[in-house]
Amino acid sequence: MTSKKILPLLGLTGILFACTGCVSAPKEELYEKNLIYFDTVISLQFYAGENGDELMDHCVRMCQNYEHIFSRTDNSSELYKINHRAGKSIAVSDEIADLISVGLEYYQISEGMFDITVAPLSDLWDFKSENPVLPLEADIQTALTSVDASRISLEGNILTFEDDNTMIDLGALVKGYAADNMKKYLTENGVTSGNLNLGGNVLTIGTKPDGSNWRIGIQKPFDDRGTLAEIVEVSDKTVVSSGIYERYFEKDGTVYHHILSPDTGYPVENDIWEVSIICDSSLTGDALSTTCLTLGYEKARKLIDSLKDVEAIFILQNYEIHKTFS
């Protein structure tokens, strides 16, 4: 459902030392790797001791595992098998159950606009094509009959569908879920400084080695890559953005983007071009950024203002910027 784009401004040059008396602890070095998972480029960077390679290898395996679970197009993935099930009910893994639970929660919070059953609509829109075409109206109307998250239910690990044609898309949540779990693993294994960028879901571990905050650049919508609209400074927080500018095409003067309305089958229409969420959990940031983008500024601002320890930057049409913090 979503696409993310924020740019970390790293400037990582420090080496960490911890001293007790006159005995120096082993130095920590920067470990980094760039990967492609979840249909995006991932950059993992953290400081660690001699076990850094082992920690990095484990993070890569975590990405591989989540790809195998949540891919909607890989016919060997769990989600693919769920979407091509036989029967009304199916047992699902804890990972699938976790994200479906979050999806159903935000379906309620968003008044139905955040809908993980939007997959039949997504299949009609090809935003990656060099020559994109508008889906047929009849096809959109047919797909809409199977889009309604209120028609699925989850009891423990048993997922039940009312409609045989309903399919689930968890793409709006997977990167945040993966980032949170990698951070949990790394911090449990002694990492105190790092930056995990999963296609724009930037999750920081502690501060930079010199004790300063991480500086995260937010892409300016519809401008050259790397052109920033804002820079935020955070430590031990996540910054997650959703925008209409990453996957879109224009036909007859109208911009068609990838954030689809479960009510109309067409891209949502409101006054927000991009929203960036700053909070503790990248999964929460994922869900909130997409939810806000579907709601429009007034409702989205009220939602963020009602939440504790969550801030947002809204970029509206014509680059008008509103922040929930000073």
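Below, the structure is looked at part by part.

Calculation rules
- Residues numbered from 1 in each chain as written.
- Predicted model: local features only at pLDDT ≥ 70, side-chain atom pairs only at ≥ 80, totals over all residues.
- Heavy atoms only, no water.
- Pairing = 2+ DSSP bridges.
- Helix = DSSP H or I, 4+ residues; strand = E, 2+ residues; numbered from the N terminus.
- Axes fitted to C-alpha atoms, helices over the stretch in contact; angles between N-to-C directions.
- Left-handed = near helix turned anticlockwise from the far one by under 90°.
- Contact = heavy atoms within 4.5 Å.
- Nonpolar A, V, L, I, M, F, W, Y, C, P; charged D, E, K, R; others polar.
- Parallel < 35°, antiparallel > 145°, perpendicular 65-115°, else oblique.
- Core = buried A, V, L, I, M, F, W, Y, C linked by side-chain atoms within 4.5 Å.
- Buried < 20%, exposed > 50% of the residue type's maximum accessible area, 1.4 Å probe, protein only.
- Phe/Tyr/Trp six-rings, centres within 6.5 Å; stacked < 30°, edge-to-face > 60°.

**Concerning the sheet that holds strand β6 (residues 89-91)**
- The 3 strands are arranged β6-β8-β7 in an open sheet whose pairing can be described as antiparallel. Edge positions in the open sheet fall to β6 and β7 (152-155), since each of these has one partner strand only. Here the average twist between neighbouring strands, direction ignored, is 20°.
- Here β7 runs beside strand β8 (residues 158-161); their pairing, made up of 4 bridges, is antiparallel. Residue pairing across strands places I152 opposite F161, the latter belonging to β8.

**Side note on unusual backbone geometry**
- You will see that E111, though not glycine, has its phi angle at about 60°, which is positive.
- Relative to the helices and strands, E111 resides in the loop between α3 (94-109) and α4 (119-122).
- One non-glycine residue with positive phi stands out, namely N318, at about 65°.
- Checked against the element boundaries, N318 lands in the loop between β17 (311-316) and β18 (321-323).

**Some remarks on the packing of α3 against helix α7 (residues 282-295)**
- At a closest axis distance of 11 Å, the pairing of α3 and α7 adopts a crossing angle of 35°. Judged by the twist between their axes, the crossing of α3 over α7 is right-handed. Between α3, through L99, V102 and Y106, and α7, the contact on the second element is made entirely by L283, T284, A287, L288 and T291.
- When its residues are assigned to classes, the contact of α3 with α7 shows 6 nonpolar, 2 polar and no charged.

**Some remarks on the packing of helix α6 (residues 174-188) against α7**
- Running from N to C, α6 and α7 point in directions that differ by 165°, and their axes come no closer than 7 Å. The orientation of α6 with respect to α7, classified from their angle, is roughly antiparallel. Relative to α7, the crossing made by α6 is right-handed. Between α6 and α7, the residues in contact are V174, K175, G176, Y177, A179 and D180 and S282, L283 and D286, respectively.

**What to know about the nonpolar core**
- In this structure, L170 and F314 are the most contacted members of the largest nonpolar core, which totals 74 residues.
- Ranked by residues supplied to this core, first place goes to helix α1 (residues 52-70) with 9 residues.
- Among all residues touching F314, those that are not within four sequence positions of it are I272, E274, V275, C292, Y297, A300, R301, I304, E320, I321, H322 and T324.
- Within the second largest apolar cluster, 11 residues are counted, among which are L121, F127, I140 and F249.

**A closer look at the pairing of strand β14 (residues 248-251)**
- With 4 bridges connecting them, β14 and strand β15 (residues 254-257) associate as antiparallel partners. For Y248, the partnering residue across the bridge sits in β15 and is H257.
- Between β14 and β15, which follow one another and run antiparallel, lie 2 residues, and D252 among them has a positive phi close to 50°.

**Considering the packing of aromatic side chains**
- Taken as a whole and judged by the stated rule, the model has 17 aromatic pairs.
- When the centroid spacing of 5.0 Å and the interplanar angle of 80° are considered together, the rings of W273 and Y319 count as edge-to-face. Residue W273 is found in strand β16 (residues 272-279), and its partner Y319 is found in the loop between β17 and β18; the two are separated by 46 residues along the sequence.
- Using a relative accessible area of 16% as the deciding quantity, one classes W273 as buried.
- Judged by centre distance (5.1 Å) and plane angle (85°), the rings of Y297 and F314 are edge-to-face. Taken together, the residues span a long stretch of sequence, with Y297 in helix α8 (residues 297-305) and F314 in strand β17 at a distance of 17 residues.
- Accessibility expressed as a relative area gives 10% for Y297, which makes it buried.

By themselves, these observations are geometric and do not establish any function.
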